[in-house]
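# Structural overview
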Amino acid sequence: MTAAFSDSFPLRPTRVHEACGPGAYGFAALSAAQTTGPLMWVRENWRTETLNPVSLAQYCDPSRLLMVQAANQTDVLAVAEEALRDGAVPLVVLELTQPLTLTTGRRLQLAAKDGRATGLCLIPDGMGSNAAETRWRCTPVFDSSDSTLMRWDLIKNKSGTLGVWHVRWDQSAHRIRVVPPAGKRPGSTPAPA
Amino acid sequence: MWFPRLASDRVLRLRPLDGPFALTLKQNNANRLYCLNHAAEQQGLHRDMPFADARAFCPDLQSAQADPMADQAFLLVLRRWATRYCPWVGLEQKDGLVLDITGSAHLFGGEEAMLAHMRQRLMRAGLAARIGAADTRGAAWALARFGEGVAPPGNPLPALAQLPVAALRLEDKTGIALQRLGLRTIGDLAKAARAPLTRRFGPGLLLRLDQALGDQPEEVSPLADPPHYGVRLTLPEPIGLFEDVMAGTARLLDQLCAKLLAQDVGARTLRLDLRRVDRDSQQVELRLARPLRDPHRILPLFERGVGQVDAGFGIDQLRLEAVRVDPLPARQLNHVSVTAKSQVEDLISRIGTRIGLENIQRFLPADSHIPERSFVVSPAAWSEPGSGWSSPRPRPLCLFPPEPIAGYGPRPPRHFRWRRMSLTTARAIGPERIAPEWWLEDDNWRSGLRDYWHIETRQGRRLWLYHTPQSPGWFVQGEFA
């Protein structure tokens, strides 16, 4: 685990990244906290889960958010490509339900490059596209003293090494802190062998 | 020109029927007749009669609700039609038009011929109309309401002398008082001494008389034509290439935006009609996220729509109309850069042409403790970003419809299954009691009070559970980041 967290996060701009796992919403919210300016969130309108802007307020200002409800995944991709290419929105979050083909993934990458914007696809587990710059698996972790601890696995990285980090959100300082994994923290008892 | 049965004629034009017909309007909590057709008047019904009485007199009376706004709009349509006779047309109360036909009567072969022409046209359209023509507005009004025909030029008194004094546009009270004095006709009134009349009735009565006889001036004020935001381009040769159509659109857009600028408005919805050589026409509609009048910003938004048009054998007419406009006053330049904002608005418009403008939404804060009502979703094109987000207690980042889990009692279950996962409660924070908003009807909150718990499981998932003490049950409603 030699790779530095700061090499991979904040997400590399002008690229499209992927996040999966149960903590993907949190990952998107923390990524949004790293940017300024408007934020576009594209999703399919049949999904029953909704983002709660009241909770988003602790990471970034919900008034920055533009929610786009598209009818199907084709529309989601078209809207995201348009927004990425335009460059008016620095971060575009897409919620995907079906795997991307290499062509569509590559188109998103090119659009992000043209518009100098960052894209983040929230994907179901195991549906990653080969064109993604990085892929993160985010899982919340229980900790007796902290209720924001998350484990972020960098499981794909096109320009760098993989890594695993435990991070938590520091609300008062409004920033992400990387913490050593449980068992290696000062004061904690080592796990039984 | 007076339309005695404007409202009912308008409705009967749309839906012709035989027999007595009346429009009713609710006034002072009573349904009264508002307007009735000739057959209903023959049966002895009259205006302002209670509808129940009318039904009793005339059991086969058919009726409908009156719509005064639509009648007013219809009168404006008639006003526009009347400009075929003269350019100077104004409205006269709620059911009349006043035309200044000075200098245009000879085009129709004299006043009598012109009036006959009007009557014939209106009769064909199914409208009852009574038309009077005279030198003054007052005399024409009197003739239209109480007589018919043309007063001889020069002195309208002979034509008016036999009409009742009510034809002078007097208040009812004055009319009755004059009747009691024995002054029943305009002729009587004109012969009476003026000073006592003024002393008794004030200057208004004689003013009306003088206006009718032409001793006092009275002007006809025409209505200004509402601004029309439409331009067209007719081509000598049909075109079919995308670039050509866009070039034509650009030319029209320049003209249209100049018009919009002159009126201080911006287009909200634009429609481009492309008429083809075979008389078919194709339409491209464009809805904008903000009122706009910059041609260079609107033009790229048309590209998608125009690209989908089937040009057939070619397009020989382009017509661009701003269907909906919103006020857009000139704005002071300031030091804050506005380019970023307008860039986002252009993006919204462009996305809106693909998936519909109402599908691009913004969250606005709302004042409610109910989790799903603590924000409102509104279309980004019609709202401004709101501020004032606050939550007294942590809220989950992801909300979903409540999913039941097995659990008993007011304490959160130690082990439970949710979405086919077996979870163990490691820490529970709560309860936070939220009461339903009884003043709003909400089926989801029928189960009464909810005690919310923030549950951290040993497996990592942080869930938002609630317990309904009034109809016992446990549900998962959200997940924290």
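In the block above lies the structure referred to throughout.
Residues numbered from 1 in each chain as written. Chains lettered and ligands numbered in written order. Predicted model: local features only at pLDDT ≥ 70, side-chain atom pairs only at ≥ 80, totals over all residues.

## Focus on the overall build of chain A
Heads up, the condition is: Helix and strand assignments come from DSSP, with helices taken as H or I runs of at least 4 residues and strands as E runs of at least 2, each series counted from the N terminus. Buried residues are those with 20 or more other C-beta atoms within 10 Å of their own C-beta, exposed residues have 12 or fewer, and partly exposed residues lie in between; C-beta atoms are placed from the backbone. Note that contacts rest on C-beta atoms placed from the backbone: two residues are in contact if these are within 7 Å.
In terms of helices and strands, chain A carries 5 helices and 10 strands. Counting the 193 residues in chain A, one finds 50% classified as buried. By sequence separation, contacts in chain A at least 24 residues apart represent 71% of the contacts at least 6 residues apart.

## Side note on the overall build of chain B
Each helix and strand in chain B was counted, giving 14 helices and 19 strands. Per-residue burial over chain B gives 31% buried out of 481 residues. Once local pairs closer than 6 in sequence are excluded, the contacts in chain B between residues at least 24 apart make up 53%.

## Observations regarding the nonpolar core
As a rule of thumb, nonpolar side chains are buried together in soluble globular proteins. Applied cut-off: Each nonpolar core comprises buried Ala, Val, Leu, Ile, Met, Phe, Trp, Tyr and Cys residues, the members being joined through C-beta atoms within 7 Å. Domain delimitation follows an automatic or database domain assignment.
In terms of nonpolar packing, the biggest core is built from 113 residues, with Val42 and Val92 of chain A touching the most fellow members. Here this core gets 7 residues from one element, more than from any other, and that element is helix H2 (residues 24-33) of chain A. Two domains each put at least three residues into this core: domain 1 (230-353) and domain 2 (398-479) of chain B. Those residues within four positions of valine 42 of chain A in sequence are excluded, and the remaining contacts are Val68, Ala70, Val76, Val79, Ala80, Val92, Val93 and Leu94 of chain A. Of all hydrophobic cores here, the second largest spans 58 residues; its members include Tyr34, Cys35, Ala54 and Leu143 of chain B.

## A closer look at the interface of chain B and chain A
Our working rule: Whether two strands pair depends on DSSP finding at least two bridges between them.
In this complex, chain B contributes 37 residues to the contact, which on the side of chain A involves 38 residues. Put simply, the parts of the chain that give the side of chain B that touches chain A at least two residues each are helix H14 (339-355), strand S12 (360-365), strand S14 (398-405) and strand S17 (450-457) of chain B. Ranked by residues supplied to the side of chain B that touches chain A, first place goes to H14 of chain B with 8 residues. Where strand S4 (residues 65-70) of chain A lies against S12 of chain B, 2 bridges are found, and the strand directions are antiparallel.

## Quick look at helix H5 (residues 102-115) of chain A
Residues and elements named next belong to chain A. Here is the rule: For a helix, the expected span equals 1.5 Å multiplied by the residue count minus one.
Between its first and last C-alpha, H5 extends 20 Å over 14 residues, near the 20 Å set by a 1.5 Å rise per residue. Considered for burial, the residues of H5 that qualify are Gly105, Arg107, Leu108, Gln109, Ala111, Ala112 and Gly115. Positive backbone phi, approximately 55°, marks arginine 116, located one or two places after H5.

## Some details on the packing of helix H6 (residues 137-146) of chain B against helix H11 (residues 203-213) of chain B
Residue and element names in this part refer to chain B. Convention followed: Only the contacting stretch of a helix is used when fitting its axis, a line to C-alpha atoms as for every element, and angles between N-to-C directions run 0 to 180 degrees. Should an angle fall under 35 degrees it is taken as roughly parallel, and over 145 as roughly antiparallel, whereas 65 to 115 is taken as roughly perpendicular and any remaining angle as oblique.
As a packed pair, H6 and H11 sit with axes 5 Å apart at the nearest point and diverge in direction by 90°. Comparing the axis directions of H6 and H11 gives the class roughly perpendicular. Between H6 and H11, the residues in contact are Gly138, Ala139 and Ala142 and Arg208, Gln211 and Ala212, respectively.

## A few points about the sheet that holds strand S3 (residues 50-51) of chain A
Judged by pairing direction, the sheet is antiparallel, and its 7 strands sit side by side in the order S3(A)-S14(B)-S19(B)-S18(B)-S17(B)-S16(B)-S15(B) without closing on themselves. Sheet topology places S3 of chain A together with strand S15 (415-418) of chain B at the edges, where each strand pairs with a single neighbour. Pairing analysis gives 5 bridges linking strand S18 (residues 462-467) of chain B to strand S19 (residues 474-479) of chain B, with the strands arranged antiparallel. Bridging across to S19 of chain B, histidine 467 of chain B finds its partner in tryptophan 474 of chain B.

## Some points on the sheet that holds strand S10 (residues 281-292) of chain B
Strands pair in a sheet through their backbones, by hydrogen bonds, and they do so in one of two ways: parallel or antiparallel. Residue and element names in this part refer to chain B. The strand order across the open sheet built from 4 strands is S8-S11-S9-S10, with neighbouring strands paired in antiparallel fashion. A single partner strand is all that each edge strand has here, and the edge strands are strand S8 (230-239) and S10. Sheet twist, expressed as the mean angle between neighbouring strand axes with direction ignored, is 15°. One ladder, built from 11 bridges, connects strand S9 (residues 265-276) with strand S11 (residues 315-327); its direction is antiparallel. Note on S11: the bridge partner recorded for arginine 271 is glutamate 321. Against the sheet, helix H12 (residues 242-263) touches S8, S9 and S11, its axis set at about 35° to S11. Taken strand by strand, helix H13 (residues 295-307) contacts S9 and S10, and its axis lies near 145° from that of S10.

## Some points on the packing of helix H1 (residues 6-14) of chain B against helix H4 (residues 68-82) of chain B
All names here are of chain B. Interaxial distance between H1 and H4 falls to 10 Å at its minimum, and their mutual angle equals 85°. The pairing of H1 with H4 is recorded here as roughly perpendicular in orientation. Along the contact surface, H1 presents Leu6, Ala7 and Arg10, while H4 presents Asp71, Phe74 and Leu75.

## What about the pairing of strand S4 (residues 89-92) of chain B?
Sheet topology note: the S4 of chain B/strand S5 (residues 96-99) of chain B ladder contains 4 bridges and is antiparallel. Its bridge partner being in S5 of chain B, glycine 90 of chain B is matched across the sheet by valine 98 of chain B.

## Things to note about unusual backbone geometry
The omega torsion across phenylalanine 9 of chain A and proline 10 of chain A is 5°, close enough to zero to call that bond cis. With respect to the helices and strands, proline 10 of chain A occurs in the loop between helix H1 (5-8) and strand S1 (16-20). For asparagine 29 of chain B, which is not a glycine, the phi torsion comes out positive at approximately 65°.

## Details of the environment of threonine 97 of chain A
Residues and elements named next belong to chain A. The topology assignment puts threonine 97 in the loop between strand S5 (91-95) and H5. Along the backbone, threonine 97 and leucine 122 are 25 residues apart, and their C-alpha atoms lie at a distance of 8.6 Å. With residues near it in sequence (within four places) discarded, threonine 97 still touches Glu44, Gln73 and Pro124.

## Brief notes about the environment of leucine 206 of chain B
Residues and elements named next belong to chain B. Position of leucine 206 among the secondary structure elements: in helix H11. Sequence separation of leucine 206 and alanine 190 is 16 residues, and the distance between their C-alpha atoms is 9.1 Å. Dropping the residues within four chain positions of it, leucine 206 is found in contact with Arg194, Leu197 and Thr198.

## Some words on helix H5 (residues 111-124) of chain B
Note that an α-helix has 3.6 residues per turn; residues three or four places apart therefore point the same way. Residues and elements named next belong to chain B. Our working definition: This arc is built from the directions going out from the helix axis to the C-beta atoms.
Here H5 spans 20 Å end to end across 14 residues, near enough to the 20 Å set by a 1.5 Å rise per residue. Of all the residues in H5, the buried ones are Met114, Leu115, Met118 and Leu122. The arc that holds the buried residues of H5, viewed along the axis, is 95°, so those residues lie on one side. Away from its buried face, by an angle of more than 90 degrees, H5 presents the exposed residues Gln120, Met123 and Arg124. Looking at the buried residues of H5, the elements they touch are strand S6 (132-133) and strand S7 (149-150). Just past H5, the residue glycine 126 takes up positive phi, approximately 80°.

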